[in-house]
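Letter by letter, the chains look like this.
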Amino acid sequence: NIKMSGDHTSKLCALILGEYFDETVSKVGSNLLQFGIKSLGQIASSTSGLSLKEVKRGVALLVKHNLLTFSDHRKPGVVDYQIKKDRILNLQYFPFYINLVSGQQEGKDLPPNSASVFGPETSALLQVLFEDGSLTASQTILKASSCLTEDSEDPVNIQKLWSSLGTLVSQKIIESCPANTDQDSDIPKFSEDGKKMPGLPHL
């Protein structure tokens, strides 16, 4: 078996971050790709051309997109951030994945019976989640509705969008973000018992 070397994988990840995010996020990600794990102060001091505010924004976006994990295991009270190369590499497959789930794939790469029954509404829902990383159920439906409105003159069926969102959750294609169980701590601690269908939003 052969695989890409760590150095080349890091370079590829940096290119992918540059394609999907802005220069700030790309710089922060590239810095972490060189060293794997760092505190916020270490990232800020070793990322040239960015202010602390910009570094914080870059870190926040990477966390929101689930491309960074964080903990204070190395030194209690000091948060370390660790970048996930495999998740960055998976960004390349998201457009194909969205088409597969919504049943909109074309060409001869897939057999006709592989098309999903989830429908075109799921494509809009997955697209906004891909672009934003994580959203509330209400935000997801509203943004997906806006996208569908731009693409068609037909009225958007909000209830159908909600039903499609429920299907995506029940089929474990998407999941609820875990809840922070320690609101008073500077370091969030999340419960894994949050992966359930969110309540019906009031729109």
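First, a word on what this report is: a plain description of the structure on this page. Remember, it's a predicted structure, so these values are computed and weren't measured experimentally.

## Focus on the packing of aromatic side chains
- One pass over the structure, following the stated rule, counts 3 aromatic pairs.
- With a centroid separation of 5.6 Å and an interplanar angle of 80 degrees, the aromatic rings of Tyr20 and Phe130 are classed as edge-to-face. Placement of the pair is Tyr20 in helix 1 (residues 6-20) and Phe130 in helix 7 (residues 120-132), with a sequence separation of 110 residues.
- Residue Phe130 is classed as buried on the basis of its relative accessible area of 14%.
- Residues Phe94 and Phe130 carry aromatic rings whose centres are separated by 4.9 Å and whose planes lie at 50 degrees to one another, so their mutual orientation is tilted. Taken as a pair, Phe94 in helix 6 (residues 94-102) and Phe130 in helix 7 lie far apart in primary sequence, 36 residues in all.
- Residue class for Phe94 comes out partly exposed when judged on its relative accessible area of 30%.

## Comments concerning the packing of helix 7 against helix 8 (residues 137-151)
- Axis separation between helix 7 and helix 8 bottoms out at 8 Å; the angle between their running directions is 115 degrees. With respect to helix 8, the axis of helix 7 lies roughly perpendicular. Read as a crossing pair, helix 7 and helix 8 show a hand that is right-handed. Between helix 7, through Ala124, Leu125, Val128, Leu129 and Asp132, and helix 8, the contact on the second element is made entirely by Thr140, Ile141, Lys143, Ala144, Cys147 and Leu148.

## Details of the side chain of Ser145
- Here Ser145 shows up in helix 8.
- A residue is classified by how much of its surface remains accessible, and Ser145, at 12% relative accessible area, is buried.

## Notes on the pattern of salt bridges
- For the structure on display, the rule yields 5 salt bridges.
- Between Lys27 and Glu23 there is a salt bridge, with its nearest N and O atoms 3.7 Å apart. Within this pair, Lys27 and its partner Glu23 are both found in helix 2 (residues 23-35), separated by 4 residues, close to a single helical turn.
- Residue classification places Lys27 among the partly exposed residues on the basis of a relative accessible area of 31%.
- In this structure, Arg74 engages Asp80 in a salt bridge whose closest nitrogen and oxygen atoms are separated by 2.8 Å.
- The exposure class of Asp80 is buried, given its relative accessible area of 3%.

Rules used in this analysis
Residues numbered from 1 in each chain as written. Predicted model: local features only at pLDDT ≥ 70, side-chain atom pairs only at ≥ 80, totals over all residues. Heavy atoms only, no water. Phe/Tyr/Trp six-rings, centres within 6.5 Å; stacked < 30°, edge-to-face > 60°. Helix = DSSP H or I, 4+ residues; strand = E, 2+ residues; numbered from the N terminus. Buried < 20%, exposed > 50% of the residue type's maximum accessible area, 1.4 Å probe, protein only. Axes fitted to C-alpha atoms, helices over the stretch in contact; angles between N-to-C directions. Parallel < 35°, antiparallel > 145°, perpendicular 65-115°, else oblique. Left-handed = near helix turned anticlockwise from the far one by under 90°. Contact = heavy atoms within 4.5 Å. Salt bridge = Lys/Arg side-chain N within 4 Å of Asp/Glu carboxyl O.

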